[in-house]
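If you want the building blocks of each chain, they are given just below.
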Number of protein chains: 4
Amino acid sequence: MAAENKVALVIGAGDYLGAAIARRFAREGFTACVTRRRGEGLDDLVASIEDAGGAARGFYSDARDEDQVAELIETIEGEVGAIEVFVFNVGGNVKFDVLDTTTRVYTKVWQMCALAGFLNAREVARRMMERGHGTMLFTGATASLRGAAGFSAFSGGKHALRALAQSLARELGPNGIHVAHVVIDGPIDTAATRELFPEYFAKRGPDGVLKPEDIAETYWAIHSQSPSAWAHEVDVRPYVESW
Amino acid sequence: MAAENKVALVIGAGDYLGAAIARRFAREGFTACVTRRRGEGLDDLVASIEDAGGAARGFYSDARDEDQVAELIETIEGEVGAIEVFVFNVGGNVKFDVLDTTTRVYTKVWQMCALAGFLNAREVARRMMERGHGTMLFTGATASLRGAAGFSAFSGGKHALRALAQSLARELGPNGIHVAHVVIDGPIDTAATRELFPEYFAKRGPDGVLKPEDIAETYWAIHSQSPSAWAHEVDVRPYVESW
Amino acid sequence: MAAENKVALVIGAGDYLGAAIARRFAREGFTACVTRRRGEGLDDLVASIEDAGGAARGFYSDARDEDQVAELIETIEGEVGAIEVFVFNVGGNVKFDVLDTTTRVYTKVWQMCALAGFLNAREVARRMMERGHGTMLFTGATASLRGAAGFSAFSGGKHALRALAQSLARELGPNGIHVAHVVIDGPIDTAATRELFPEYFAKRGPDGVLKPEDIAETYWAIHSQSPSAWAHEVDVRPYVESW
Amino acid sequence: MAAENKVALVIGAGDYLGAAIARRFAREGFTACVTRRRGEGLDDLVASIEDAGGAARGFYSDARDEDQVAELIETIEGEVGAIEVFVFNVGGNVKFDVLDTTTRVYTKVWQMCALAGFLNAREVARRMMERGHGTMLFTGATASLRGAAGFSAFSGGKHALRALAQSLARELGPNGIHVAHVVIDGPIDTAATRELFPEYFAKRGPDGVLKPEDIAETYWAIHSQSPSAWAHEVDVRPYVESW
């Protein structure tokens, strides 16, 4: 039975972008496997996907822990189905001047952004390489492309993740695995950003801030591409963005 | 009646990529307006779109000539309908060492790649700005990103076109016009490239060379994005590409 | 006698950066050949270099005119000496929205930024290739790297020039010719910019705006590099710059 | 007495590039403080600098260890002099396919390339910020700019280091501290690379491979720049390089 399910695994499926991506792939018949490190809300996400007629499974897994990652992938491949789509969406955005960045913060942000990406991607890639197909999508940010003031930790992690995505694309592409990196240029519309930047939202109006479901559409479009014309990097930003 | 047609205008609609893009948008109900500077085959392209149940119109227009461009846009907007999608797809790929590049070649390649893009885009942008919506898509190449040996003329033109697309995106985006640049990294599968690089094709097998219709799908996907998450630059290449 | 002079040719030797570069190389024993299209001040520049103990020659030459360029290089190589250093420093910075950019402006800016660079570089490269050594330095700008709003013409020209510099570097480098591109990120301290942006200058204080002689030092440093470790692209900006 | 010494600190002063940079600054009157994690040869390096008439001090310090870094900087500033120039030159180049990259390797390479850079730079920056001047130079590589096949670990670390250099430049520049990143594009001429790539060396001839002392010259040139025109990123490669 497991063999019949196509799985879309979303590592770091928070309430917004990760959830929207999971929903988007569930709508197309994938069993959405969604993970978080801890916290509540995972059941609600699974339930909301099921209520919409989709299939979903929730897993608590520390994406930075090699053993938990191995167990997660083992469990999903054994009990749910083959991971056809892998989305790495763990965040880690913090802002500190370099002089105020503790070693602990610098290290943790890298663990979340890059090490976790490496651990999960490597484990999934092993399975995809055996099958000769699959899609791996990485969530990038403005900080993936430039080290702005205040972002030594976050841009360090995101730059490393981008490098990983490029190496994976070059190594796995010829084996039929589509690896892409989506650069999300701007804050996403979430409860947190609405509270943090009320004036920003007010000024920008509808569609002026990145909506999770609109971004998710691009993840789906990338997965849908034919192998003669695969995208590797796509940037997305609101129409009003100044960049 | 004209007002009811949504037009997708493809400047430089050769037999391959331009034709495929025109077909893709025609399939969605757009009236495909396709242009070439001269030569045969335009009627065949129009006929093939109509045979598939779509609407199309062919125009001979020298994309580098300001007056012809003005007339073309005037005619289409007056007689066919509002240009909702604009695709600039004029080629210009030549390879010469700098020392063997004549002033005529250097100038003509720029006229085809960049000046023609500017002339057509500016004219269409005027109309789109009045309406407050529209999509402008530019065909880029590997040479848009790097000046390789032998490509001073072509990469000069393509770099300039990329700069134009960026300026347009920043100027017109906030007015509701989606401007994007597609970097096509590798040769497209055409009669000419098949003849030019037979070993390349043989070695790569199916899907190993960029197919026009697969690329066209990405043009459609970009047009379909919601304004909260517009892409500006997307690179596409075959899964086997070494880059 | 001509054969004994080492020439540093500066195309576009205005009163500021071009003049400073000419002075810097003259100080090292080069005969500075400085060109402008027209206008006064060339004699003053030559005189100021000679007063400082250097050698200089002034030439009026339209850098966009193939015949004038051929004649210029012929004259210098025949009457002054071998061009050991070539600096392309023609400006062209204008700012217009795309919709307000005339075809004439778009074309002229490209002629100044890119075509002139091509014509002069090609002519000089022919001589350098025969000799197997030489240095070619191109003045870039922020607009060489991004197409900002208002800069479709200027960034088009500057992007094309950057592509040219890259192609030249790749083609001529293995023959012993060092080609580099200097990205000048910010306004240079000139009478014009002081008048245009008085508050900018006031706010930034000494060293807060790019000084021609400080930039010139980097041109000299690039020329001085050993061939095992040549730079191709160097960006310079004031220490207070926000970028 | 300590206060009178200007210190150039080179973290990761191996026998080649790090040593050459130390020698270059020692020649200009800096006291070269050179560090390695362990191994022999440090005394020889110090002796060779002293034999040439310079001043040097050697330190064993694990650049990845926060406590050792704090102690190192404390000792140098207290006993030798103010660190005026900081060079981060720790390597970490390994090549493995992603699937063969162990978690230990991925982590260690990041610790060497990025964490060590962060720890040392932060500690030195605190002192430089108090003084309002200083130069910080980071050694980059081709892998700083692209994630090639086989380089997920190394390019991850190097991308993160580049992000750090950018954040530092933007945060510290306005306080008078010059931060730059040197992209070394190609293998450096060392005993190890000569043994590893004998054909590469044979084919390229003299000057065909990056010489440590030639690269060091560029570190010195960057340090010598005036604050109105500081470089942030400089790429260096041999004249014969294909890139």
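About the thresholds
Residues numbered from 1 in each chain as written. Chains lettered and ligands numbered in written order. Predicted model: local features only at pLDDT ≥ 70, side-chain atom pairs only at ≥ 80, totals over all residues. Helix = DSSP H or I, 4+ residues; strand = E, 2+ residues; numbered from the N terminus. Buried ≥ 20, exposed ≤ 12 C-beta atoms within 10 Å, placed from the backbone. Contact = placed C-beta atoms within 7 Å. Least-squares fit on C-alpha atoms with pLDDT ≥ 70 in both. Pairing = 2+ DSSP bridges. Right-handed = clockwise from strand over helix to strand, strands pointing away. Nonpolar A, V, L, I, M, F, W, Y, C, P; charged D, E, K, R; others polar. pLDDT = per-residue confidence, 0-100. Core = buried A, V, L, I, M, F, W, Y, C linked by C-beta atoms within 7 Å. Expected span 1.5 Å × (residues − 1). Axes fitted to C-alpha atoms, helices over the stretch in contact; angles between N-to-C directions. Parallel < 35°, antiparallel > 145°, perpendicular 65-115°, else oblique. Left-handed = near helix turned anticlockwise from the far one by under 90°.

(A) Broad picture of the overall build of chain A. Broken down by element type, chain A carries eight helices and seven strands. Each of the three principal axes of chain A carries a C-alpha extent, and together these read 50 × 40 × 35 Å. Burial statistics for chain A: of 243 residues in total, 61% are counted as buried. When contacts within chain A are restricted to residue pairs at least 6 apart in sequence, long-range pairs at least 24 apart make up 70% of them.

(B) Up close: the relation of the copies chain A and chain D. Note on the copies: chain A fits chain D at an RMSD of 0.0 Å, the axial shift is 0.0 Å, and the rotation between them is 180°. Seen this way, the second copy is the image of the first under a two-fold rotation axis. Mapped onto chain D, 100% of the interface residues of chain A are again interface residues, and the two copies thus contact each other with one and the same surface.

(C) How the structure looks around the pairing of strand E5 (residues 134-141) of chain A. Residue and element names in this part refer to chain A. Counting buried positions along E5 yields eight of eight residues, so the element is predominantly enclosed. Covered by surrounding structure in E5 are Gly134, Met136, Phe138 and Gly140 together with Thr135, Leu137, Thr139 and Ala141, the residues of both alternating faces. Pairing between strand E4 (residues 82-88) and E5: four bridges, direction parallel. Across the sheet, Phe86 pairs through a bridge with Met136, a residue of E5. Crossover E4 to E5 through helix H4 (residues 103-131) is right-handed. Inspection of the sheet shows E5 paired to strand E6 (residues 177-184) by eight bridges, in the parallel sense. Residue pairing for E6: Phe138 is matched across the bridge by His181. Once you follow E5 into helix H5 (residues 152-172) and on to E6, the crossover reads as right-handed.

(D) The arrangement of the relation of the copies chain A and chain B in detail. In the superposition of chain A on chain B (RMSD 0.0 Å, axial shift 0.0 Å), the rotation amounts to 180°. A shared binding surface is used by both copies, with 100% of the interface residues of chain A retained as interface residues in chain B.

(E) Examining the interface of chain A and chain B more closely. On the chain B side, the residues contacting the 31 residues of chain A number 31 residues. At the level of secondary structure, the elements contributing two or more residues to the side of chain A that touches chain B comprise helix H8 (212-224) and strand E7 (230-237) of chain A. Here the element with the most residues in the side of chain A that touches chain B is E7 of chain A; it accounts for eight residues. Broken down by class, the residue content of the side of chain A that touches chain B amounts to 15 nonpolar, eight polar and eight charged.

(F) Local environment of the interface of chain A and chain D. Counting from both sides, the interface comprises 34 residues of chain A and, opposite them, 35 residues of chain D. Going through the elements one at a time, H4 and H5 of chain A are the ones with two or more residues in the side of chain A that touches chain D. For the side of chain A that touches chain D, the element with the most residues is H5 of chain A, which contributes 13 residues. Partitioned by chemical class, the residues of the side of chain A that touches chain D number 17 nonpolar, nine polar and eight charged.

(G) Representation of the environment of Gly186 of chain C. Residues and elements named next belong to chain C. Topologically, Gly186 is positioned in the loop between strand E6 (177-184) and helix H6 (191-196). A C-alpha to C-alpha distance of 7.7 Å links Gly186 and Val209, two positions 23 residues apart in sequence. Not counting residues within four places of it along the chain, the set of residues in contact with Gly186 comprises Leu210, Arg237, Pro238 and Glu241.

(H) Molecular detail of the confidence of the model for chain A. Averaged over every residue, the pLDDT of chain A is 96; the share at 70 or more is 99%. What the predictor reports for the complex is a pTM of 0.98 with an ipTM of 0.97.

(I) Examining the nonpolar core more closely. By size, the foremost hydrophobic cluster in this structure holds 344 residues, and its most contacted members are Ala22 of chain A, Ala22 of chain B, Ala22 of chain C together with Ala22 of chain D. Not counting the four nearest positions on each side in its chain, Ala22 of chain B is found in contact with Ala8, Val10, Ala13, Ala32, Val34, Leu45, Ile49 and Ala56 of chain B.

(J) Main features of unusual backbone geometry. Residues and elements named next belong to chain A. The phi angle at Asp207 is positive, at roughly 70°, despite the residue not being glycine. As for its placement among the helices and strands, Asp207 is situated in the loop between helix H7 (198-204) and H8. Taking the number of C-beta atoms within 10 Å as the measure of exposure, Asp207 has 18 and is therefore partly exposed.

(K) Inspection of H8 of chain A at higher detail. Residue and element names in this part refer to chain A. With 13 residues, H8 extends 19 Å between its outermost C-alpha atoms, agreeing within 8% with the 18 Å of an ideal straight helix rising 1.5 Å per residue. With 10 of its 13 residues buried, H8 lies for the most part within the structure. Taken together, the buried positions of H8 are Pro212, Asp214, Ile215, Ala216, Glu217, Thr218, Tyr219, Ala221, Ile222 and His223.

(L) Quick peek at the packing of helix H1 (residues 17-27) of chain C against helix H8 (residues 212-224) of chain C. Residues and elements named next belong to chain C. Between H1 and H8, the shortest axis-to-axis distance is 8 Å and the interhelical angle comes to 50°. Looking at the two axes, H1 sits oblique to H8. Between H1 and H8 lies a crossing of right-handed hand. Here H1 contributes Leu17, Ala19, Ala20, Ile21, Arg24 and Phe25 to the contact with H8, which in turn contributes Pro212, Glu213, Ile215, Ala216, Glu217, Tyr219 and Trp220. Partitioning the contact of H1 with H8 into residue classes produces 10 nonpolar, no polar and three charged.

(M) Region of interest: the pairing of strand E1 (residues 6-11) of chain A. Residues and elements named next belong to chain A. Here E1 lies mainly inside the structure; five of its six residues are buried. Sheet topology note: the E1/E4 ladder contains six bridges and is parallel. Within the sheet, the bridge partner assigned to Ile11 lies in E4 and is Phe88. Sheet topology places E1 next to strand E2 (residues 31-36); five bridges connect them, and they run parallel.

(N) Structural context of the arrangement of the chains. Chain A shows no contact with chain C. Their nearest C-alpha atoms sit 8 Å apart. The two partners chain B and chain D share no contact, and the minimum distance between any of their C-alpha atoms is 8 Å.

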